[in-house]
There are 2 protein chains.
Amino acid sequence: MFQRTQNLHALLYEISKVSNVGSRAASSATTSTLTKNFNGAEPSQTPFKGNLSTVAQPVDSFEAPNVFEPKIHVQTKIPGPRSIQLKDDLQTMQQMGTVSFFSDMYKSQGNYLADVDGNVFLDCFMQIASIPLGYNHPAILESLSKPHNVQLMANRPAMGWFPTEDWAVKMRELFMSVAPKGLDQVYPMMCGTCSNENGIKLMFQRYMHHQRGGRTDFNEEELTSTMKHEAPGSPDLSILAFKGAFHGRTVGLLSCSHSRPIQGVDIPTKKWPKAEFPRYRYPLQSFEQENKVEDDRCLATVEEQIYNQTQLGSPVAGIIVEPIQAEGGDYHGSNYFFQQLGKITRKHNISLLFDEVQTGGGATGTMWCHDQFDMEHGPDIVTFSKKMLSGGIYHNQDHRPAQPGRIINTWVGDPHKIVMLEAVLQTIQRDNLLTRVRRSGDVMVKGLLELEEMYPDLVHSSRGRGTFCAIDASTAEIRDAIINQMKLVGVLVGGCGTQTIRLRPSLIFEEHHAHLMLEKFHDVLSSLRK
Amino acid sequence: MFQRTQNLHALLYEISKVSNVGSRAASSATTSTLTKNFNGAEPSQTPFKGNLSTVAQPVDSFEAPNVFEPKIHVQTKIPGPRSIQLKDDLQTMQQMGTVSFFSDMYKSQGNYLADVDGNVFLDCFMQIASIPLGYNHPAILESLSKPHNVQLMANRPAMGWFPTEDWAVKMRELFMSVAPKGLDQVYPMMCGTCSNENGIKLMFQRYMHHQRGGRTDFNEEELTSTMKHEAPGSPDLSILAFKGAFHGRTVGLLSCSHSRPIQGVDIPTKKWPKAEFPRYRYPLQSFEQENKVEDDRCLATVEEQIYNQTQLGSPVAGIIVEPIQAEGGDYHGSNYFFQQLGKITRKHNISLLFDEVQTGGGATGTMWCHDQFDMEHGPDIVTFSKKMLSGGIYHNQDHRPAQPGRIINTWVGDPHKIVMLEAVLQTIQRDNLLTRVRRSGDVMVKGLLELEEMYPDLVHSSRGRGTFCAIDASTAEIRDAIINQMKLVGVLVGGCGTQTIRLRPSLIFEEHHAHLMLEKFHDVLSSLRK
């Protein structure tokens, strides 16, 4: 077992020595070793934009070694006695019955999460897909330790009024370097929820701006009616979302979400429309025709809802959609589906927002999942958070507010997250992590396919882009049993939808971690069959 | 002028030496030097709760010296050429026409904000009231530099599923130590907006829980109707807010806000009711009777709206209110007003939420502004952010969700903010900052009163609790001229409402800073009269 890190500076020194050795060891990996892992597309052929566009190149790639590679070790029931004690205490101060166990962030390392009872797990869920470089990554520790950065983090100004020079520079160097194609505007935000809330506001504002014929001032009637929550200032408009979608838990976003009732029950939401999102049969290559029919069926419901809403006097200002419905059950849409969706929004002159809060930041093998969709007209708005550490909104010029103060809040982001994001993007580039993601993801999907062939009574429908993978269990009970058993053998995976297991490892998840996960998965399935 | 801080560790070492000297120099300040600064109340008599309850005691108080006390220095137009250049660049990447100038956080110190053009301002606005201890406070720099804390900040888990031991400990040691009376539950959040959104959700959930007679499971009809945004799962309920209020810019909170139409125009909000918030005549002691009539008039509109909403079939689940309407124009409510408001919510069995996002954290001279209201039945929910650095929600047992997963998100707060908050609360206690706030606030209000006596044609209606002070200008134009002129003589103040100047200094704002601000204010008013 690895020791508690007592001296950070010594640790950083040791790591820098090892990393230097690592950087001289060129890997033999090339993109040609990647197989087509979804829909026939080769995601590796779609490099992302800006300064980091070289990361998809196989030349001179290398894999920095994990300095302290821990080992799976389970020595108590899960949760262990200390976790139970801490949860009992926490529960006296807040309703947090969802807690699984308590983490030990001093002992966690890389892809391995330690808990307070001395257990160590291979973490394939990574705090609901929110940790990009694993635990205690030296690049992040180093970035947070720089005196310059400490001062940035200690003094968070109101960025909409008194921003720092670093802020403007980081907008360009960081955010613009990985901006989705065509989206050259960005608002950092605090979390995915704020990003989506402000994203749908951009769609409403753009819709009304066009309705006003581009007039940039507001008349008295518009301003006074706004204060009364009445039209024309507060118009009756809607956002079209999809059944099974999850976009957040505010009043506005619960009006777009449709994954689980417990999130929205008792809350007076807006009655906004929901279209159907594809539910494919797997493996895709065996059901190409059926799945194309499914795409067209769903696209027809999109058109239908847009028509209905106009009839109801609450027209659709825009569509919000996840590139992969995550919380709802890891449902994928084909490139065709998204290409057609883009065309529909163009046809009706409404906006398209891709919620890449969970899919963005590299886990699908490209910086943005929708980079793989080969869309003629891509999204107008892309929201992000989780692995990007900072929340935020990319948008195109057509969605740029005509007036200042339309999208703003006290902070408009957080220097602390930018300091970490800088380390993340540099590491993605330096360590060629998107190539690693595609390679590890390939191992994962192939392995899951093998498992479903071996245990067709227990699991089916393996799917994934990069390491953003999932497999369905035959029933919700079997899914829950698998997740619990996996925990007991030292592997953390997540659940979603009704009977799906989702895998969300960090970007430093290597092929041997994928093999280890699959081996444990096999053991669990084997034990469940007995 | 002070030098750019090149070596953080050297700085911290120097500071620790000076602070030790400072801590032996007992101040002669006592609470008896405080005058009644609002409504006849002596806020100093209301110590806040928990471990920090001793901070209101005058014994052995001391004022830690500011190590590098900068001086006001204005050498360019504001904004200066570098700020203009940076803003032009930033504007190519985001609509941020609101930017005043660019800050230099490496040169800013204590109560003084430096900009990128070499100007140094006495900052009486402090990033919209969001900086508790001024710039580069040694306690915060030190806390952020501890290796232990660096690891906490580098690894933010999903606190609703895999929290750390530190997290549970900090809930008790930090949040519970300053919890408002009667509120023993807390959910940390990322910002004030998320706090208020989840705060109103708690009110809806509690209302429906009582409607269900305390039944803790949901029936099939409730669950399926939730997914359709229909009753009974998604009931037609409303939140009562006040005219002039500001609670945030999400769809749900724009439905509660009523300060400026630019924030809400084009957004389809909920048509939720607004009652009247008092508009007093000042000085209060000269208009006691008139202001009592105003209180009763406003309270009658609260009762009226509650009645109306029931008739409309959209009953009020709860009331959201700021202890001082800040963004809307620094409008105060009397203790009587809030006491009666509390009684009204009890009578109708609905919830009372105090939005202390701007007033909380000590600026009013007590940890929470409503500590001064002497309420028999205080708020059920108190939200916070800004000076608390972490957002969050305190609530009572009656509002504790009956089920897990009702109030949750990926992060439920941020260790980085907790690390800073720990330094803030320790410093408030060690340096007896609430006493300092009351003393400096007393100087401010007295001085503003003197100014309005000297310049009755320009300013009137001085008011404040602690250093949370304001004064009205005769017109919006005069207000804007004052704010601009103040900037040119090196003092930052904020605007709010239609013609109000708001003062929001940090908690380390001393009497001599107050005198300096007043002196510059006098100069500006004198120059405007010419």
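Rules and cut-offs
- Residue indices begin from 1 for each chain and proceed along its sequence in written order.
- Chains carry letters and ligands carry numbers; both start at the beginning, A for chains and 1 for ligands, and go up in the order they are written.
- Given that the model is predicted, a residue must reach a pLDDT of at least 70 before its local features are reported, and side-chain atom pairs must reach 80 or more before they are shown or counted; all residues, however, enter totals for whole chains, interfaces and linings.
- Side-chain metrics in this entry use all non-hydrogen atoms of the structure; hydrogen atoms and water are not considered.
- In this description a helix means any DSSP run of H or I spanning at least four residues, a strand means any run of E spanning at least two, and both kinds are numbered starting from the N terminus.
- Contacts are residue-level and defined by heavy atoms, with any inter-residue pair within 4.5 Å sufficient.
- Alignment of the copies relies on least squares applied to C-alpha atoms, considering only residues that score at least 70 for pLDDT in both.
- Any two strands with at least two DSSP bridges between them are considered paired.
- Working convention: axes come from line fits to C-alpha atoms, limited for helices to the stretch in contact. Angles between N-to-C directions cover 0 to 180 degrees.
- Relative accessibility decides the category of a residue: with a 1.4 Å probe and only protein chains considered, values under 20% of the type maximum give buried, values over 50% give exposed, and everything between is partly exposed.
- Roughly parallel covers angles under 35 degrees, roughly antiparallel covers those over 145, roughly perpendicular covers 65 to 115, and oblique covers all other angles.
- Crossing handedness is defined as follows: a turn of the near helix away from the far one that is anticlockwise and smaller than a right angle gives a left-handed crossing, while the clockwise case is right-handed.
- When residues are sorted by character, Ala, Val, Leu, Ile, Met, Phe, Trp, Tyr, Cys and Pro go into the nonpolar class, Asp, Glu, Lys and Arg into the charged class, and all the rest, Gly among them, into the polar class.
- Domain start and stop positions are those given by an automatic or database domain assignment.
- By convention, the term buried area covers the 1.4 Å-probe accessible surface removed from two parts as they join, with the contributions of both added.
- Here, a salt bridge means any Lys or Arg side-chain nitrogen found within 4 Å of an Asp or Glu carboxyl oxygen.
- Ring pairs shown here join Phe, Tyr and Trp side chains whose ring centres sit within 6.5 Å, with only the six-membered ring taken for Trp; geometry is labelled stacked below 30 degrees between planes, edge-to-face above 60, and tilted in between.
- Charge-over-ring placement is defined geometrically: NZ (Lys) or CZ (Arg) within 6 Å of the ring centre, and within 35 degrees of the ring normal.
- We define a polar contact as two N or O atoms separated by no more than 3.5 Å, with the added condition that, inside protein, one atom must be a possible hydrogen donor and the other a possible acceptor, whereas residues neighbouring each other in sequence contribute only through side-chain atom pairs.
- Here the expected length of a helix is defined as 1.5 Å per residue gap, with one fewer gap than residues.

*Asks:* Would you mind going over the overall build of chain A with me for this structure?
*Replies:* Looking only at helices and strands, chain A has 15 helices and 17 strands in total. Restricting the contact set of chain A to residue pairs at least 6 apart, pairs at least 24 apart contribute 73%.

*Asks:* Explain the relation of the copies chain A and chain B to me, please; I cannot follow it from the model alone.
*Replies:* The two copies are related by a screw operation: chain A maps onto chain B through 180 degrees of rotation and 0.0 Å of translation along the axis, at an RMSD of 0.0 Å. As the rotation angle and translation indicate, the two copies are arranged about a two-fold axis. Looking at chain A, 100% of its interface residues are interface residues in chain B too, so the copies touch through the same face.

*Asks:* Could you clarify how one ought to interpret the sheet that holds strand E13 (residues 459-465) of chain A in this entry?
*Replies:* By way of backbone hydrogen bonds, the strands of a sheet pair with one another, either parallel or antiparallel. Residue and element names in this part refer to chain A. Read across the open sheet, the four strands follow the order E13-E14-E17-E16; overall the sheet is antiparallel. The open sheet has two edge strands, E13 and strand E16 (494-496), and neither has a second partner. Neighbour-to-neighbour, the strand axes of the sheet open up by a mean angle of 25 degrees, direction not taken into account. Judged from the three bridges that link them, E16 and strand E17 (residues 500-503) form a sheet pairing that is antiparallel. Looking at E17, one finds that Gly494 is bridged to Arg502. In the packing of helix H13 (residues 433-454) onto the sheet, contacts are made with E13, strand E14 (468-473) and E17, and the angle to E13 comes to roughly 170 degrees.

*Asks:* Can you walk me through the side chain of His258 of chain A in this structure?
*Replies:* Structurally, His258 of chain A is set in the loop between helix H9 (251-254) and strand E6 (274-275). Overall, the relative accessible area of 15% leaves His258 of chain A in the buried class. Excluding residues that lie within four positions of it along the chain, His258 of chain A makes contacts with Phe242, Lys243, Gly244, Ala245 and Lys274 of chain A together with Met227 of chain B.

*Asks:* I tried to follow the packing of H13 of chain A against helix H15 (residues 511-529) of chain A on my own but got confused; where do I start?
*Replies:* Helix packing for two helices is described by the angle between their axes and how far apart those axes are. All names here are of chain A. Remark: H13 packs on H15, axes separated minimally by 9 Å, with the N-to-C direction vectors making an angle of 15 degrees. In terms of orientation, H13 and H15 fall into the roughly parallel class. For the pair H13 and H15, the crossing hand works out as right-handed. Contacts between H13 and H15 involve Arg439, Ser440, Val443, Met444, Gly447, Leu448, Leu451 and Met454 from the former and Glu511, Ala514, His515, Met517, Leu518, Phe521, His522, Leu525 and Arg529 from the latter. For the contact of H13 with H15, the class distribution of residues is 10 nonpolar, four polar and three charged.

*Asks:* Before we go on, may I ask you to explain the domain arrangement of chain A in this structure?
*Replies:* Reports often express the size of an interface as the amount of accessible area lost when the parts come together. All names here are of chain A. Structurally, chain A comprises domain 1 (8-143 + 432-529) and domain 2 (157-214 + 225-413). In this assembly, 36 residues from domain 1 lie in contact with 33 residues from domain 2. When domain 1 packs against domain 2, close to 3,000 Å² is buried across both sides, 57% of that on carbon and sulfur atoms. If you look at where domain 1 meets domain 2, you find two salt bridges.

*Asks:* Would you explain the pairing of strand E12 (residues 391-395) of chain A in this entry?
*Replies:* One face of the sheet, then the other: side chains in a regular strand alternate in exactly this way. Residue and element names in this part refer to chain A. With five of five residues buried, E12 is to be regarded as a mostly interior element. The alternating pattern of E12 places Gly391, Ile393 and His395 on one face and Gly392 and Tyr394 on the opposite face, and all of these are buried. Pairing analysis gives five bridges linking strand E4 (residues 185-189) to E12, with the strands arranged antiparallel. In the sheet register, Pro188 faces E12, and the bridge partner there is Gly392. Bridge count between strand E11 (residues 381-384) and E12: four bridges; the pairing is antiparallel. By the bridge assignment, Ile381 is partnered in E12 with His395. Connecting E11 to the next strand, E12, in antiparallel fashion are six residues, including Lys386 with a positive phi near 40 degrees.

*Asks:* Got a minute to help me understand the packing of aromatic side chains in this structure?
*Replies:* Each aromatic ring pair is characterised by the separation of its centres together with the angle its planes make. Following the criterion strictly, the structure yields 30 aromatic pairs over all chains and no others. Between Phe277 of chain A and Phe338 of chain A, the aromatic rings sit 6.2 Å apart at their centres with planes inclined by 55 degrees, giving tilted as the arrangement. With Phe277 of chain A in the loop between E6 and helix H10 (288-312) and Phe338 of chain A in helix H11 (residues 335-347), this residue pair connects regions lying 61 residues apart in the sequence. One exposure class covers both Phe277 of chain A and Phe338 of chain A, and it is buried. Seen in terms of ring centroids, Trp368 of chain A and Tyr394 of chain A are 5.7 Å apart; in terms of plane orientation they differ by 80 degrees. Their pairing is edge-to-face. Separated by 26 residues along the polypeptide, Trp368 of chain A in the loop between strand E10 (351-355) and E11 and Tyr394 of chain A in strand E12 bring together distant segments of the chain. Considered together, Trp368 of chain A and Tyr394 of chain A belong to a single accessibility category, that of buried residues. Among the aromatic side chains, those forming a connected cluster through ring pairs are Phe242, Phe277, Phe337, Phe338, Phe354 and Phe373 of chain A. The lysine or arginine in question, Arg279 of chain B, covers the ring of Tyr331 of chain B, its NZ or CZ lying 3.5 Å from the ring centre.

*Asks:* Would you explain the interface of chain A and chain B in this entry?
*Replies:* Contacts between the two partners involve 128 residues from chain A and, on the opposite side, 128 residues from chain B. Taking both sides of the interface into account, the surface hidden between chain A and chain B amounts to around 11,600 Å²; carbon and sulfur atoms contribute 60%. Applying the counting criterion to the chain A and chain B interface returns 12 salt bridges. Close ionic contact of Lys271 of chain B with Glu230 of chain A constitutes a salt bridge, the shortest N to O distance being 2.7 Å. Remark: the boundary between chain A and chain B carries 80 residue pairs in polar contact (both at pLDDT 80 or more). Residues of the side of chain A that touches chain B, tallied by class, amount to 63 nonpolar, 40 polar and 25 charged.

*Asks:* Is there a simple way to explain the sheet that holds E6 of chain A in this structure?
*Replies:* All names here are of chain A. What the seven strands build is an open sheet, ordered E4-E12-E11-E10-E7-E5-E6; its pairing is mixed. Every interior strand has two partners, whereas the edge strands, E4 and E6, have only one. The sheet contacts of helix H7 (residues 192-211) involve E4, strand E5 (238-242), strand E7 (316-321), E10, E11 and E12, and relative to E7 the element is tilted by about 150 degrees. Of the strands in this sheet, E5, E6 and E7 are in contact with H10, which crosses E5 at around 160 degrees.

*Asks:* Please clarify how the packing of helix H6 (residues 165-175) of chain A against helix H12 (residues 415-430) of chain A should be interpreted in this entry.
*Replies:* Residues and elements named next belong to chain A. Direction vectors running N to C along H6 and H12 enclose 35 degrees, while the axes themselves pass 11 Å from each other. Like other packed secondary-structure pairs, H6 and H12 cross with a definite hand, here left-handed. In this structure, H6 contributes Trp167, Lys170, Leu174 and Phe175 to the contact, and H12 contributes Pro415, Ile418, Leu421, Glu422 and Leu425. A breakdown of the residues in the contact of H6 with H12 according to their chemical character gives seven nonpolar, no polar and two charged.

*Asks:* Looking at this structure, how should I read the pattern of salt bridges?
*Replies:* Should their charged atoms come close, side chains of opposite charge can pair. As enumerated under the stated definition, the model contains 53 salt bridges over all chains in all. In this structure, the salt-bridge partner of Arg172 of chain B is Asp89 of chain A, at a minimum N-O distance of 2.6 Å. In this pair, Arg172 of chain B is assigned in helix H6 (residues 165-175) and Asp89 of chain A in helix H2 (residues 81-93), connecting two distinct chains. By relative accessible area, which is 37% here, Arg172 of chain B ends up partly exposed.

*Asks:* Just checking my understanding: could you explain H11 of chain A for this structure?
*Replies:* Think of an α-helix as turning once every 3.6 residues; residues three or four places apart then point the same way. Residue and element names in this part refer to chain A. Relative to the 18 Å expected for 13 residues at 1.5 Å per residue, H11 spans 18 Å between its end C-alpha atoms, a close match to the ideal helical length. When H11 is considered as a whole, its buried residues turn out to be Asn335, Phe337, Phe338, Leu341, Gly342, Ile344 and Thr345. Packing partners of the buried residues in H11 comprise E5, H10, E7, E10 and E13. Looking one or two places after H11, you find Asn349, whose phi comes out positive at around 55 degrees.

*Asks:* I keep staring at the side chain of Glu452 of chain A and nothing clicks. Help me out?
*Replies:* Residues and elements named next belong to chain A. As for its position among the elements, Glu452 is in helix H13. Within the structure, the side chain of Glu452 is placed 3.4 Å from the backbone nitrogen of Ser461, a separation counted as a polar contact. Beyond its immediate stretch of four places on either side in the chain, Glu452 contacts Val459, His460, Ser461, Ser462 and Ile471.

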